[in-house]
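# Commentary on secondary and tertiary structure
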Amino acid sequence: MKQITLFSSALAFLTSAFLVQAQQGATCNSTNTCSSQYPCCSEYGFCGDGYYCLGGCNPLASNTLNSCKPSPICESANYTLSDTSRILSNSTYFNGNASEYDWVVEQGSIINATSNGEAAIAVLLTENGGGTLLSSTRYVHYGQITARLKTARWAGVVTAFITMSSIKDEIDWEFPGNQTTTGQTNYFWEGVIPAQTAGVIETGLTDTYSNWHDFTIDWQPDSLTFLVDGNVTRTITAAQATNNATGVVQFPNTPSRIQLSIWPAGISTEPQGTVQWAGGMINWNDPDYVSAGHFYAYFQSVSVQCNDPTSPNASDTSYVYGTNSSLDTPSIAFSNASTMTNGASALIGVSANAMSMWLGILAAFALGGLVM
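Heads up: these notes are all about the structure in this document. Computed from a prediction, not measured in an experiment: that's the story for all the values here.

## Regarding the environment of Leu205
The residue Leu205 is located in the loop between strand E14 (200–202) and strand E15 (213–220) in this model. For Leu205, the residues in contact, after removing those within four places along its chain, are Thr181, Thr182, Gly183, Phe215 and Val228.

Written out as structure tokens, the structure is:
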């Protein structure tokens with residue numbers, strides 16, 4: 001009887017552990033929202049708590065509109081990226097305090113570097129480690145954002161400076177592969193891939209690998225303008241983004257984080273169209289890669305000039321989605337609610353040691369070798 005009781009306890013323990021893990025990692029979207037136990041839909045579409053409720057948490061796919069923590073409000077600033085004291089190198093340790101850190105490394109690695117006499121950070125890409133992604137801790141709800149950068153120059157390697165909202169409004173400057181005299185601008189509304197791309201190739205740039213350039217996203221409620229070194233290259237109006245079939249204005253309109261990255265598009269797991277767009281497969285035997293041990297792009301600075309549709313009160317600290325928010329008409333309001341979590345998430349809910357112990361007990365029972 002004692003043996004049966006212990007076996008039943010072990011089985012119940014493991015069952016609950018696996019259920020916790022399954023609920024924690026459940027996928028989520030606007031039609032399949034998260035449970036109350038793991039209420040937050042992360043930027044990558046998985047349910048969880050703690051860190052999952054911070055940057056990129058999708059309120060329209062979470063358990064309730066207020067499951068995600070409020071988003072830190074925009075502040076006009078000039079960020080010198082070579083000062084890495086304001087960059088948190090492991091985003092899972094971030095607790096939502098945007099007064100402590102300006103940027104978090106969500107993936108990959110950065111190093112301090114100097115190019116053409118300007119101090120900067122290099123964002124790295126390796127064959128085994130993948131690319132690097134930095135996200136701002138504060139959000140922007142319209143304004144002008146300028147990044148000073150030098151791109152990569154290798155086929156299959158993409159440099160990017162974008163904005164991304166919690167519901168996948170996106171504005172892009174991207175630099176694919178070895179095309180170092182062009183850049184590409186694009187925008188998306190709530191992650192919708194349009195039948196006809198909104199992407200445009202901007203030509204006539206001097207070598208973006210060898211020369212520093214200032215790339216600007218000027219995002220206003222009624223227009224979106226892209227600039228290079230202060231010169232306008234493209235303007236889109238919100239009216240031009242209207243879906244004639246539905247009447248919905250499919251124009252980015254929700255608070256967004258700034259993201260800086262280098263990522264591998266020329267790899268076997270990417271769609272063939274993506275590989276071709278990026279200039280082909282990455283050559284991991286390229287002399288530059290062999291010599292340095294990584295591919296890289298440089299980011300020197302980011303400047304932000306906020307232009308919220310209405311001015312926040314002195315006590316406002318964050319953005320929240322209003323109670324009338326829907327996919328077609330998200331509603332954004334200011335709030336003075338805290339942007340911070342109370343603690344870290346239990347990513348799996350059971351330690352590896354505990355799991356190993358109970359699996360060992362079950363295995364022993366199965367082999368008939370354990371007698372209590």
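## Some remarks on the sheet that holds E14
Read from one edge of the open sheet, 8 strands run E5-E6-E9-E18-E11-E12-E13-E14, paired in mixed fashion. Two strands lie at the open edges of the sheet, namely strand E5 (87–88) and E14, each paired on one side alone.

## Considerations on the pairing of strand E8 (residues 118–125)
In terms of residue burial, E8 counts as a mostly covered element, since 6 of its 8 residues are buried. Relative to E8, strand E7 (residues 110–115) runs antiparallel, the two sharing 6 bridges. Bridging from a neighbouring strand, Ile110 pairs with Val123 of E8. Where E7 hands over to E8, the hairpin turn is made up of 2 residues, of which Asn116 adopts a positive phi near 55 degrees. Of the pairings in the sheet, the one linking E8 to strand E19 (residues 295–306) comprises 5 bridges and is antiparallel in character. When the bridges of E19 are listed, Ala122 appears paired with Tyr298.

## Observations regarding unusual backbone geometry
Positive phi values are uncommon outside glycine, yet Glu190 reaches one of about 55 degrees. By secondary structure assignment, the location of Glu190 is in the loop between strand E13 (183–188) and E14. Accessibility expressed as a relative area gives 14% for Glu190, which makes it buried. At Asp229, a residue that is not glycine, the phi angle is positive and equals roughly 55 degrees.

## So, the sheet that holds strand E20 (residues 318–321)
Neighbouring strands of a sheet are bound in pairs by backbone hydrogen bonds; such pairs are parallel or else antiparallel. Taken together, the 3 strands give an open sheet; going across it, the order is E3-E20-E21, and neighbouring strands pair in antiparallel fashion. Across the chains shown, the open sheet's two edge strands, defined by having one partner strand only, are strand E3 (71–72) and strand E21 (332–335). Pairing geometry for E20 and E21, over 4 bridges, is antiparallel. In the strand pairing of E21, Tyr319 is matched with Phe334.

## Remarks on the layout of surface pockets
Put simply, the largest pocket is a space of about 880 Å³. In terms of lining, the largest pocket is formed by 34 residues, of which the most central are Ile162, Glu170, Asp172, Glu174 and Trp263. Elements with a contribution of two residues or more to the lining of the largest pocket: strand E9 (132–140), strand E11 (157–165), strand E12 (170–176), E13, E14, strand E18 (256–264) and helix H2 (272–277). Here the lining of the largest pocket gets 6 residues from one element, more than from any other, and that element is E18. What the second largest pocket holds in volume is close to 330 Å³. Around the second largest pocket, the lining comprises 27 residues; the ones closest to its centre are Cys68, Lys69, Pro70, Ser71 and Tyr319. Residue assignment for the lining of the second largest pocket shows that the elements contributing at least two residues are E3, E9 and E20. Residue composition of the lining of the second largest pocket, by class: 15 nonpolar, 10 polar and 2 charged.

How each quantity is defined
- Residues numbered from 1 in each chain as written.
- Predicted model: local features only at pLDDT ≥ 70, side-chain atom pairs only at ≥ 80, totals over all residues.
- Heavy atoms only, no water.
- Helix = DSSP H or I, 4+ residues; strand = E, 2+ residues; numbered from the N terminus.
- Contact = heavy atoms within 4.5 Å.
- Pairing = 2+ DSSP bridges.
- Buried < 20%, exposed > 50% of the residue type's maximum accessible area, 1.4 Å probe, protein only.
- 1 Å grid on protein atoms, 1.4 Å probe; cavity = no way out; pocket = protein on both sides within 12 Å on 5 of 7 lines; lining within 4 Å.
- Points joined across faces, edges and corners; volume = space filled by probe spheres on them.
- Nonpolar A, V, L, I, M, F, W, Y, C, P; charged D, E, K, R; others polar.

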